Amino acid sequence: MPTEERALLVDADRRAIAYNDSLAQRRVYPNESAIAALTNFDTPLPETGQAATQVLHSLDELGSPATVTSNGPRYFGFVIGATLPAAAAAERLVLAWDQCASSFDGSPIADKLEKVAACWVCEALGLPNKSAVGFGTSATACTLACLSAARRTLLARQGWDFDQDGLIGAPEIRVVISETAHITVKKALRVLGFGMRRLQLAPIDEHGRIDPARLPKLDERTLLILQAGEVNTGEFDRFAELIPKARAAGAWVHVDGAFGLWARASSSAGLADGVELADSWTTDGHKWLNTPYDSAMAICRDGDALAAAMNSDAAYAMASKDSQKNLTLEFSRRARGVAIWAALANLGRAGLRDMIDQHIRQAGHLAAELRNGGYQVLNRVRLNQVLVRADSDEQTAAILKAAQDSGEVWFGATIWQGRPAFRLSVSSWRTTDADIEVLIALLLRLKNT
Ligand SMILES: Cc1ncc(COP(=O)(O)O)c(C=O)c1O
C-alpha cells in the first residue's frame, strides 16, 4: 500500500478511536456552536480537490462535534442502540474488502456469512428455520420487500399474474393494519400503491394492541399487518389469537418487529408468543441488536415468494434465488449482513439474551423510580419503552426541552392518546445502571425545579 494511503487510514483509525474514547464524556446532543460551525461546509464544489488528509481533518474537526452521541450510553431517543465493538470492527474490515455482495459471484465470503447470519437470526428469533432472510437497509425497505411478496402471492392465489399484468384490473387486496401502525409501514404501503383511504384500520385497546374482538373481516384477499413492539408503548399484538384466525381465512400476515422482535431472544420471549406463525417479518439490526447503520432484515416463511418478488437476474448476472440481490431491493449492495453475523457470533445466545434482559430490567427500574418521583408512566413497561408525562402538558414540554439542552441525556417527544408525552427507550449495550441513575436524577431534579 502506498505510504500516504497507509498514513491516512491510520489517521482515520486514530480519530475514530479518539471519538469512541470520548463517548461517555461527550454532550449527547451537540451544542449550538458546533451546529453553527457546520456552515463551514457550505463551500462550492472545489475545482481542484483537497488532500485526503485535509478532507479527513475537516470531517473530524467540524463534523465530530456536531454528531449526536447515539453510539454512547445516555441516548434514550427512538430505539437506536449503539454499535457493538465486534460489529464495528467487522464493518472496518468489510470496508477494506469493499465487496459487491449481490451473490456468490460478487463475494463468496459475504454470501457465506449472510447465509449463516440468516440461519442464526431465525434461530435467535424463534422463526421458521427455512425462512429466507434479505439483509436490507432499513425496516422500511424490508417491509416494502415483504409486502411486495405478500401482494404478489395473494394475487397469484386469485389467478392473477402480478409480474406481467401489474395492478391495473387486479383483484383488490384489502390491507388491515393497526390504528397505531408505524408510519414506515404506511409509507411502504403508499409506495406499493395501496391508497391510505382504502386501508382498514383495526381498533386498538388501551395498550395500543389490536383489539381481537374488533378486528375487521379477514379473507383470502387480506394482508394483515401486526406489530411486535408498538413504537410508544413497546406492546405486542396478540399474535397467538390473531394469526391462526388470519391464516385460516387465507390472509397473509406480516409483522413489523423493527425493534420488538428481539424480545424473542430474551427471557421475555413469551411477550411475542405466536409471532412465529406469521408469513413474514421485518426487524432491524441497527436498533436493538446494536449493529451499525444501516442494517435490517426482511424475513419470509416462503423463501420462494420473497425471491420471486425481488428477483433481479439478468443474462449477465444470474444467481441462486437465495442470493441477496434476489431477496432485497438492492442489486449492488454492501455486505451488511456481516456485521449482524459478527454481533451474533460475539454475543452468542446467552450474550444476546443478557443484553435484551438488561434493557428490559433497566426500563422497569426507570419507570418505577419516575413513578415514585411523581411522574405518570403511561405504559405497562414490559419491554424497553417508558412513556412519561409530568403534571401538565406545559411541564412535560419544559422538562423535555431542559433534558435535551442539558447535553447529559437525550430523548424525544411523542403524542399518546391525544396528549404530549416523552418516550424513553433503553437499547444501548453501553448503558450501565449508573447511566440510568443519571437519567433518573436529572428527571427528578427537573420535575422539582
Ligand atoms: C416499530 C417500528 N417500525 C418500523 C420502523 C422503521 O425502521 P427503519 O428506521 O429501520 O426504517 C421503526 C423505527 O424507526 C419502528 O420503531
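Residues numbered from 1 in each chain as written. Predicted model: local features only at pLDDT ≥ 70, side-chain atom pairs only at ≥ 80, totals over all residues. Heavy atoms only, no water.

**A look at the domain arrangement of the protein chain**
Defined as follows: Delimitation of the domains relies on an automatic or database domain assignment.
Partitioning the protein chain into domains gives domain 1 (3–68) and domain 2 (89–344). Here domain 1 and domain 2 have C-alpha centroids that lie 36 Å from each other.

**Considerations on the UniProt feature "modified residue: N6-(pyridoxal phosphate)lysine" (unreviewed entry) in the protein chain**
Selection criterion: UniProt positions are given in the numbering used here, feature names are shortened, and annotations may be inferred rather than shown by experiment. Starting at the N terminus, helices and strands are each numbered in turn, a helix being any DSSP run of H or I of at least four residues and a strand any DSSP run of E of at least two. Only protein chains enter the accessibility calculation, which uses a 1.4 Å probe; a residue whose area is less than 20% of its type maximum is buried, one above 50% is exposed, and one in between is partly exposed. Between two residues, a contact is recorded if the distance between any of their heavy atoms is within 4.5 Å.
Here the UniProt-annotated "modified residue: N6-(pyridoxal phosphate)lysine" (unreviewed entry) positions come out as Lys287. Here Lys287 lies in the loop between strand S6 (280–284) and strand S7 (296–300). For Lys287, a relative accessible area of 19% corresponds to the buried category. Beyond its immediate sequence surroundings of up to four residues, Lys287 is in contact with Val79, Ile80, Gly81, Ala258, Phe259 and Ser427.

**Things to note about the state of the cysteines**
Our working rule: Any two cysteine sulfur atoms within 2.5 Å of one another count as a disulfide.
Enumeration according to the criterion identifies zero disulfides in this entry. No disulfide involves Cys119; its nearest neighbouring cysteine sulfur is the one of Cys122, lying 7.0 Å away. For Cys119, a relative accessible area of 44% translates into the label partly exposed. Its sulfur unpaired, Cys146 is 5.8 Å from the next cysteine sulfur, which belongs to Cys300. A relative accessible area of 0% places Cys146 in the buried class.

**Structural notes on the sheet that holds strand S10 (residues 412–416)**
Worth spelling out the cut-off: Following DSSP output, two strands are said to pair if at least two bridges run between them. Note on method: axes are straight lines fitted to C-alpha atoms, helices fitted across the in-contact stretch only, with angles between N-to-C directions ranging 0 to 180 degrees.
Spatial strand order, S8-S9-S11-S10: four strands in an open sheet with antiparallel pairing. Looking along the sheet, the strands with just one partner apiece sit at the ends: strand S8 (376–377) and S10. Note: strand S9 (residues 385–389) against strand S11 (residues 419–425), four bridges, orientation antiparallel. Of the residues in S11, the one forming a bridge with Val386 is Leu424. Along the sheet, helix H11 (residues 337–372) contacts S8, S9 and S11; its crossing angle with S9, the most-contacted strand, is approximately 15 degrees.

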